[in-house]
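In case you want the letters, here they are:
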Amino acid sequence: MSISHAPPGSPAPDIPETSPQGAVEPTTPASAPALEPIVPTSSRRTRVPRWLRRTTGPVLLLALWQLLSSTGVLTADVLASPGRIAQVAGDLVADGSLTSAMTTSLQRVAAGLLLGTLIGTGLALVSGLFRVGEDVVDAPVQMLRTVPFVGLIPLFIIWFGIGEAPKIAIITLGVTFPLYLNVYAGIRGVDAQLIEAGESLGLSRWGLVRHVILPGALPGALTGLRYSLGIAWLALVFAEQVNADSGIGFLMVQARDFLRTDVIVVCLIVYAFLGLLADFVVRSLERLLLQWRPTFTGR
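Right, let's walk through the structure included here. (Residues numbered from 1 in each chain as written. Predicted model: local features only at pLDDT ≥ 70, side-chain atom pairs only at ≥ 80, totals over all residues. Heavy atoms only, no water.)

### Focus on the overall build of the protein
Here's step 1: Within the protein, the secondary structure is distributed over ten helices and two strands.
Here's step 2: What you see in the protein, going N to C, is helices and strands ordered as β-β-α-α-α-α-α-α-α-α-α-α.
Here's step 3: Counting over 299 residues, the protein shows a buried share of 30%.
Here's step 4: Sequence separation of at least 24 residues holds for 69% of the intrachain contacts in the protein that already meet a minimum separation of 6.
Here's step 5: When the accessible surface of the protein is summed, it comes to about 20000 Å², and 66% of that surface belongs to carbon and sulfur atoms. (Helix = DSSP H or I, 4+ residues; strand = E, 2+ residues; numbered from the N terminus. Buried < 20%, exposed > 50% of the residue type's maximum accessible area, 1.4 Å probe, protein only. Contact = heavy atoms within 4.5 Å. Areas by Shrake-Rupley, 256 points an atom, 1.4 Å probe, with all protein chains shown as cover.)

What follows is the structure, encoded as structure tokens:
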């Protein structure tokens, strides 16, 4: 049997494959499948913009409100119509009363939030970083946390008088406890293996606190700040309705005495708008400070 050799440079002939039974099967070149780029579901754009979807609910609610007011189901003495509320809001802005009330309320919230943040964060650091601090601080804080801060208003009036001090004290008390709980939980929730890794790298105690513990507790602290802002506005509502001569709560008290539901609704909308604005600021701060933490954003 002669063996033929292919000339140099010519393509190599296909070598037949042998099946397990000994039969010779010819080989055919396999066609490569067409590759298609895979687009993640989270990056696909929807046809309806997100801002439009987020505004659909409030717009429908506003339309329903206007419809009920126009048909007489909601009378003016029960709840004013959206058109009437917009007109009253314009009048309050024009005469400067609403702007002055917003400025006063913002100053009270800012002062109470600052004091509450300092006190709550300081107590959480003492209680979370040191076992002795936990034994001394945590139990009294937990006891005071269960006391309704609204029930302390008469006591604050006796202690601080009827000026700005009791109002700021109420807001401070409402802000302190959510921050304390979240910062304390964030500190104690830091992975112990990260602490051991930092110690093995030669970090001092202050280095561990600065580079490991505080960054690990930052998400909890920002969550506590969001809770605290909500409670701060709630505390402001109570504080400004007790012996107040200015602020949004004072406008609400006057409107209640004269049965002005339109002014009351305007003040409530202002409260909601300021709370939403404060929450937006904190969420923007979260995106800025927590860029290192990948999270699920929904699908």
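### A short note on the environment of A63
Here's step 1: Within the fold, A63 resides in helix α1 (residues 50-70).
Here's step 2: In sequence terms A63 and P82 are 19 residues apart; their C-alpha atoms lie 9.0 Å from each other.

### Considering the pattern of salt bridges
Here's step 1: According to the stated counting rule, one finds seven salt bridges in the structure shown.
Here's step 2: A salt bridge links D279 to R226; the shortest N-O distance between them is 2.9 Å. On the criterion of sequence distance, the pair formed by D279 in helix α10 (residues 261-289) and R226 in helix α8 (residues 205-239) is long-range, its members being 53 residues apart.
Here's step 3: A network of salt bridges, in which partner residues are shared, links R84, R260 and D262. (Salt bridge = Lys/Arg side-chain N within 4 Å of Asp/Glu carboxyl O.)

### Here we look at the packing of aromatic side chains
Here's step 1: Per the counting criterion, the structure on display carries five aromatic pairs.
Here's step 2: On the basis of an interplanar angle of 10 degrees and a centroid distance of 5.9 Å, the ring pair of Y180 and Y184 is categorised as stacked. On the criterion of helical spacing, the pair formed by Y180 and Y184 is a turn pair, its members being four residues apart in helix α6 (residues 164-188). Across the pair, exposure class does not vary: Y180 and Y184 are buried alike.
Here's step 3: The interplanar angle of 70 degrees and the centroid separation of 6.5 Å between the aromatic rings of W233 and Y271 together place this pair among those described as edge-to-face. (Phe/Tyr/Trp six-rings, centres within 6.5 Å; stacked < 30°, edge-to-face > 60°.)

### Remarks on a positive patch on the surface
Here's step 1: A cluster of basic side chains, namely R50, R53, R54, R283 and R287, defines a positive patch on the protein surface.
Here's step 2: If you list the elements that add at least two residues to the positive patch, you get α1 and α10.
Here's step 3: It is α1 that contributes the most residues to the positive patch, three residues altogether.
Here's step 4: Mapped onto the secondary structure, R53 falls in helix α1. (Patch = residues over 30% accessible without salt bridge, like charges linked within 9 Å, V, L, I, M, F, W, Y side chains within 5 Å. Lys, Arg positive; Asp, Glu negative; His and termini not counted. Charge placed at Lys NZ, Arg CZ, Asp CG, Glu CD.)

### Points about unusual backbone geometry
Here's step 1: Here L259, not a glycine, exhibits a phi torsion of approximately 55 degrees, which is positive.
Here's step 2: Inspection of the secondary structure assignment puts L259 in the loop between α9 (248-257) and α10.

### Overview of the nonpolar core
Here's step 1: The biggest cluster of nonpolar side chains holds 53 residues, and the ones touching the most others in it are I170, W233, I248 and V266.
Here's step 2: Elements with a contribution of two residues or more to this core: α2 (82-94), α3 (97-129), α4 (131-145), α5 (153-160), α6, α8, α9 and α10.
Here's step 3: Sort the elements by how many residues they give to this core and α8 lands first, with 13 residues.
Here's step 4: Those residues in contact with V266 that sit more than four places away from it in its chain are I85, V88, A89, L92 and L98. (Core = buried A, V, L, I, M, F, W, Y, C linked by side-chain atoms within 4.5 Å.)

### Looking at α8
Here's step 1: Helix length check: α8 (35 residues) gives 42 Å between terminal C-alpha atoms against 51 Å at 1.5 Å per residue, more than 12% under.
Here's step 2: Helix geometry: α8 is bent most strongly at L218, by close to 40 degrees, with proline P219 lying one to four residues after it. (Expected span 1.5 Å × (residues − 1). Bend = angle between axes of the 7 residues up to and from the residue.)

Any link to function would need more than the numbers given here.
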